[in-house]
Amino acid sequence: MTIDVHSYTVDELASWLENKPLGASFIDVREASELEEQGIIKGYDTNIPYFLTNTNPELFEKKFSALDKDEQLVISCRSGRRSLLAAQYAVSKLGFKNVYNVEGGILKWIQKGYPVEKL
């Protein structure tokens, strides 16, 4: 079974954030300590830590259920691995249809020279 998750490069994410569509959400799935350590990408809407899929999947699903399943979701993390897993989870288990993973996550964002905000 193929799980239909799209990808954004950090350059595509930067462009998307400049003209963020209505009915779209940018979700960061890093842990709180990572947000403090690495900073955040301006324009993100919410933090839903991926570790909840293992420790409290009901809470993870509840946080996602506040979002419209037809809206565009763009999901990022530290390196792109957890955000891909979260994106696949959102599509396969939660029924979202328009989901994007940010390749390389915030590390690639910083490497390319894009700004971050400290919490």
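Residues numbered from 1 in each chain as written. Predicted model: local features only at pLDDT ≥ 70, side-chain atom pairs only at ≥ 80, totals over all residues. Heavy atoms only, no water.

Asks: Please clarify how the packing of helix 4 (residues 57-65) against helix 5 (residues 81-92) should be interpreted in this entry.
Replies: Helices that pack against each other are described as a pair by the angle of their axes relative to one another and the distance between those axes. In the contact formed by helix 4 and helix 5, the axes pass within 12 Å of each other and the chain directions differ by 75°. In terms of orientation, helix 4 lies roughly perpendicular with respect to helix 5. Here Pro-57, Phe-60, Glu-61 and Phe-64 of helix 4 come into contact with helix 5, specifically with Ala-86, Tyr-89 and Ala-90. Considering only residue class, the contact of helix 4 with helix 5 consists of six nonpolar, no polar and one charged. (Axes fitted to C-alpha atoms, helices over the stretch in contact; angles between N-to-C directions. Helix = DSSP H or I, 4+ residues; strand = E, 2+ residues; numbered from the N terminus. Parallel < 35°, antiparallel > 145°, perpendicular 65-115°, else oblique. Contact = heavy atoms within 4.5 Å. Nonpolar A, V, L, I, M, F, W, Y, C, P; charged D, E, K, R; others polar.)

Asks: For this particular structure, what's the right way to read helix 5?
Replies: Along an α-helix, residues three or four apart share an orientation, since each turn contains 3.6 residues. A rise of 1.5 Å per residue sets the reference length of helix 5, with its 12 residues, at 16 Å; its end C-alpha atoms lie 17 Å apart and thus fit the reference within 8%. Along helix 5, the positions that sit buried rather than exposed are Arg-82, Ser-83, Ala-86, Ala-87, Tyr-89, Ala-90 and Val-91. Where helix 5 is buried, its residues touch helix 2 (32-38), helix 3 (52-55), helix 4, strand 4 (72-76) and strand 5 (98-102). (Expected span 1.5 Å × (residues − 1). Buried < 20%, exposed > 50% of the residue type's maximum accessible area, 1.4 Å probe, protein only.)

Asks: I would appreciate a short explanation of the environment of Ser-7 in the present structure.
Replies: Within the secondary structure, Ser-7 is located in strand 1 (residues 6-8). Remark: the alpha-carbon pair of Ser-7 and Glu-36, spanning 29 residues in sequence, is separated by 25 Å. Non-local contacts of Ser-7, meaning those with residues more than four positions away in its chain, are made with Glu-12, Tyr-100, Asn-101 and Glu-103. For Ser-7, the side chain forms a polar contact with the side chain of Glu-103, separated by 3.3 Å. (Polar contact = N/O pair within 3.5 Å; in protein donor to acceptor, adjacent residues only side chain to side chain.)

Nothing here speaks to function; it is geometry throughout.
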